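Each chain, letter by letter, is given below.
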Amino acid sequence: MKQKFACQNGATLDVDWRDNVSFASCSTDNNIYVCKLGEEQPVRKFTGHKDEVNAVKWDPTGTLLASCSDDNTAKVWSVDDDACRLDLQGADGHEKEIYTIKWSPTGTGTKNPNQRLLLASASFDTTVKVRPPRQAAPGRA
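Remember, it's a predicted structure, so these values are computed and weren't measured experimentally.

**Points about the pairing of strand S11 (residues 128-131)**
Now for step 1: Only one face of S11 is covered, namely the face carrying Lys 129 and Arg 131; the face carrying Val 128 and Val 130 is uncovered.
Now for step 2: Between strand S10 (residues 119-123) and the antiparallel strand that follows it, S11, lie four residues; Thr 126 among them carries a positive phi value of about 70 degrees.

**Points about unusual backbone geometry**
Now for step 1: Of note, Asn 30 is a non-glycine position whose phi angle comes to about 75 degrees, a positive value.
Now for step 2: Note that Asn 30 resides in the loop between strand S2 (22-27) and strand S3 (32-36).

**Focus: the sheet that holds strand S7 (residues 74-78)**
Where strands meet in a sheet, backbone hydrogen bonds hold them as pairs that are either parallel or antiparallel.
Now for step 1: The strand order across the open sheet built from four strands is S5-S6-S7-S8, with neighbouring strands paired in antiparallel fashion. Looking at which strands have only one partner, the edges of the open sheet turn out to be strand S5 (53-58) and strand S8 (83-88). Each strand axis lies, on average, 20 degrees off the axis of its neighbour in the sheet, ignoring direction.
Now for step 2: As paired strands, S5 and strand S6 (residues 64-69) are joined by five bridges and run antiparallel to one another. Directly across from Lys 57, in S6, lies its bridge partner Ala 66.

Conventions used here
- Residues numbered from 1 in each chain as written.
- Predicted model: local features only at pLDDT ≥ 70, side-chain atom pairs only at ≥ 80, totals over all residues.
- Heavy atoms only, no water.
- Buried < 20%, exposed > 50% of the residue type's maximum accessible area, 1.4 Å probe, protein only.
- Helix = DSSP H or I, 4+ residues; strand = E, 2+ residues; numbered from the N terminus.
- Pairing = 2+ DSSP bridges.
- Axes fitted to C-alpha atoms, helices over the stretch in contact; angles between N-to-C directions.

Written as structure tokens, this is what we have:
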């Protein structure tokens, strides 16, 4: 074992590497932590989900982090300013829990840099929704 991280207060449900030294994790405690090898404490904490966070995924550049939750929302967080850039909920979101998310193989940092980066979310409402990551929902950050 290289290092142990115990920042979550509930069962850890997912982890995704940002680069070779940092990663994000999420859990049933509704929080998302960004951790770095060699650091004892998380370097960032994202809060905003109202129920357990099921998955986290970094975009190809490592500047945007997507998350999805049992609160029926998917969010995109910016590590540049610690802000929620996109909050899919209500009429734009899913009607049931979102269990996974995935970035498109497009945009900066991919083999398809001239195509727009998109985020897909899959839900127990039997739908997959695809959105660009930088649009903010009305009334949201």
